[in-house]
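Here is what each chain is made of, one letter per residue.
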Amino acid sequence: MNGTERKNIRRGCKVRIVQKQHQRTGELTEGIVSDILTNSQVHPRGIKVRLETGHIGRVQEVLST
């Protein structure tokens, strides 16, 4: 599922994010959403979230809801 729309993302969802330092390489980090940091309903580069591990990045893929 697409990570650019806030409606697709909930706390507890399993997602893949790209962290700021990995944007050039596209390296993805997989984890469970702890907090949703983007206030807008849509963001072209992905909704920004904090994972349970503390990593922050923009959602590229939603694996499970």
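You'll find the protein chain entered in an unreviewed UniProt entry as YwbE family protein, with Propionispora hippei DSM 15287 given as the organism.

> Just give me the short version of the overall build of the protein chain, but keep the residues and values in it.
Assigned secondary structure in the protein chain consists of zero helices and four strands. Across the protein chain, helices and strands are ordered from the amino to the carboxyl terminus as β-β-β-β. Taken over C-alpha atoms, the radius of gyration comes to 10 Å for the protein chain, in line with the 11 Å a tight globule of 65 residues would show. With the C-alpha coordinates aligned to their principal axes, the bounding extent of the protein chain is approximately 25 × 25 × 20 Å. In the protein chain, buried positions account for 37% of the 65 residues. Of all intrachain contacts in the protein chain linking residues separated by at least 6 positions in sequence, the fraction that spans at least 24 positions is 49%. In the protein chain, which carries 12 positive and 6 negative side-chain charges, the distance between the mean positions of the two groups comes to 7 Å.

> Outline the pattern of salt bridges, supporting the account with residue identities and numerical values.
Taken as a whole and judged by the stated rule, the model has five salt bridges. The shortest N-O distance in the salt bridge between Lys 7 and Glu 5 comes to 3.5 Å. Looking at Lys 7, the relative accessible area reads 58%, which means it is exposed. On the accessibility criterion, Glu 5 (27% relative accessible area) is partly exposed. For Glu 30, the salt bridge is made with Lys 14, and the minimal N-O distance between the two is 3.4 Å. With Glu 30 in strand β2 (residues 28–36) and Lys 14 in strand β1 (residues 14–18), the pair connects residues that are 16 residues apart, well separated along the chain.

> Give me the environment of Thr 53: which residues, what numbers.
As for its placement among the helices and strands, Thr 53 is situated in the loop between β3 (48–51) and β4 (56–64). Judged by relative accessible area, which is 58%, Thr 53 ranks as exposed. Taking the C-alpha atoms as reference points, Thr 53 and Val 15, 38 residues apart in sequence, are found 12 Å from one another. One polar contact links Thr 53 to His 55, side chain to side chain, over a distance of 2.7 Å.

> Kindly report on the pairing of β4, identifying the contributing residues and their values.
Direction of pairing for β1 relative to β4: antiparallel, over a ladder of five bridges. Note on β4: the bridge partner recorded for Arg 16 is Glu 61. Direction of pairing for β3 relative to β4: antiparallel, over a ladder of three bridges. Note on β4: the bridge partner recorded for Val 49 is Gly 57. The antiparallel pairing of β3 with β4 creates a hairpin that spans four residues between the two strands, and Gly 54 there sits at a positive phi of about 100°.

Criteria and thresholds
Residues numbered from 1 in each chain as written. Predicted model: local features only at pLDDT ≥ 70, side-chain atom pairs only at ≥ 80, totals over all residues. Heavy atoms only, no water. Helix = DSSP H or I, 4+ residues; strand = E, 2+ residues; numbered from the N terminus. Rg over C-alpha atoms; globule rule 2.2 N^0.38 Å. Buried < 20%, exposed > 50% of the residue type's maximum accessible area, 1.4 Å probe, protein only. Contact = heavy atoms within 4.5 Å. Lys, Arg positive; Asp, Glu negative; His and termini not counted. Charge placed at Lys NZ, Arg CZ, Asp CG, Glu CD. Salt bridge = Lys/Arg side-chain N within 4 Å of Asp/Glu carboxyl O. Polar contact = N/O pair within 3.5 Å; in protein donor to acceptor, adjacent residues only side chain to side chain. Pairing = 2+ DSSP bridges.

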